[in-house]
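Single-letter residue listing:
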Amino acid sequence: MNRDEIKQFLPHREPMLLVDWTERQEDGSIRATYHVTGEEWFLKGHFPDFPVVPGVVICEIMAQSCTLLLGEALQGHTPFYGGLDKVRFKRMVRPGDTIETRARMKANRGSLFVIEAEARVENQLACKGELTFYLLENKDLEK
């Protein structure tokens, strides 16, 4: 899926949409990419003379990729973090890098999902962890 197709599933929009492309794999996992241009808002002050993608943003990139595993279940729902476990950072991500994420379902209980994910740059592990999400119906988000 390209960005326009991804927008049919994820509620995120620019500048928070952090997935450029995604594809479901034969084993049921998902693979996605995001190219860091260097113009992103989160690089403006992190750090001015040595821009590095913040770890929490790498987690958000993985999270958006992870929730795409849910496919049609996302229709009419919004995914929210339930937790981040066993997160480890192994490599810096800098402007010009393309982050490739891979995610696979570990557990599912109703509207709660635990997904194992990793982010790589040039096939080197940048981050890995277990991300937990829950889905809220959009009607429950109304004011």
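Per-chain numbering applies: the sequence of each chain, read as written, is numbered from 1 onward. Only residues with pLDDT of at least 70 are given local features in this predicted model, and only at 80 or more are side-chain atom pairs given and counted; all residues enter the totals for whole chains, interfaces and linings. Hydrogens and water are ignored here; the side-chain numbers use all heavy atoms of the structure.

S.K.: I keep staring at the sheet that holds strand E2 (residues 30–35) and nothing clicks. Help me out?
M.R.: Strand pairing in a sheet is mediated by backbone hydrogen bonds. Such pairs are either parallel or antiparallel. Strands qualify as paired when DSSP identifies two bridges or more between them. Put simply, DSSP H or I for four residues or longer makes a helix, DSSP E for two residues or longer makes a strand, and each gets a number counted from the N terminus. Ordered by their spatial adjacency, six strands build an open sheet running E1-E2-E4-E5-E6-E3, and the pairing between neighbours is antiparallel. The strands lining the two open edges of the sheet, one partner per strand, are strand E1 (21–24) and strand E3 (77–89). On average, adjacent strands in this sheet sit at an angle of 25 degrees to one another, irrespective of strand direction. Where strand E5 (residues 112–121) lies against strand E6 (residues 124–137), 10 bridges are found, and the strand directions are antiparallel. When the bridges of E6 are listed, Ala119 appears paired with Cys127. Every residue pair with non-hydrogen atoms within 4.5 Å of one another is taken to be in contact. Every angle, taken between N-to-C directions, lies between 0 and 180 degrees, and every axis is a line fitted to C-alpha atoms, over only the stretch in contact when it is a helix. Contacts between helix H2 (residues 55–67) and the sheet are confined to E2, E3, strand E4 (98–109), E5 and E6, with E6 contributing the most and set at about 60 degrees to the helix.

S.K.: Looking at this structure, how should I read H2?
M.R.: Given 3.6 residues per turn, any residue in an α-helix points the same way as the ones three and four places further on. For a helix, the expected span equals 1.5 Å multiplied by the residue count minus one. Helix length check: H2, at 13 residues, gives a terminal C-alpha distance of 18 Å against a target of 18 Å (1.5 Å per residue), a fit within 8%. Burial status follows relative accessibility: with a 1.4 Å probe on protein chains alone, a residue under 20% of its type maximum counts as buried, one over 50% as exposed, and anything between as partly exposed. Among the 13 residues of H2, 11 are classified as buried, and the element is accordingly described as predominantly covered. Within H2, burial applies to Val57, Ile58, Cys59, Glu60, Ile61, Met62, Ala63, Gln64, Ser65, Cys66 and Thr67. Contacts made by the buried residues of H2 are with E2, E3, E4, E5 and E6.

S.K.: Just to check I follow, could you spell out the side chain of Thr101 for this structure?
M.R.: Position of Thr101 among the secondary structure elements: in strand E4. Thr101 gets classed as buried once you look at its relative accessible area, which sits at 2%. Between N or O atoms, a polar contact is any pair within 3.5 Å; within protein, one atom must be a potential hydrogen donor and the other a potential acceptor, and residues adjacent in sequence are included only when both atoms are from side chains. Within the structure, the side chain of Thr101 is placed 2.8 Å from the side chain of Ser65, a separation counted as a polar contact. Discounting residues that sit within four places of it in the chain, Thr101 has contacts with Ile30, Arg31, Ala32, Ile61, Met62, Ser65, Glu118 and Ala119.

S.K.: What should I look at first to understand unusual backbone geometry in this one?
M.R.: Excluding glycine, residues mostly have negative phi values, and the peptide bonds linking residues are mostly trans. Between Glu14 and Pro15 the backbone carries a cis peptide bond, its omega angle lying at 10 degrees. With respect to the secondary-structure elements, Pro15 resides in the loop between helix H1 (3–6) and E1. The residue after His46, namely Phe47, is reached through a cis peptide bond having omega 0 degrees. One non-glycine residue, Glu122, lies in the positive phi region at around 50 degrees. The topology assignment puts Glu122 in the loop between E5 and E6. We classify Glu122 as exposed; its relative accessible area is 64%.

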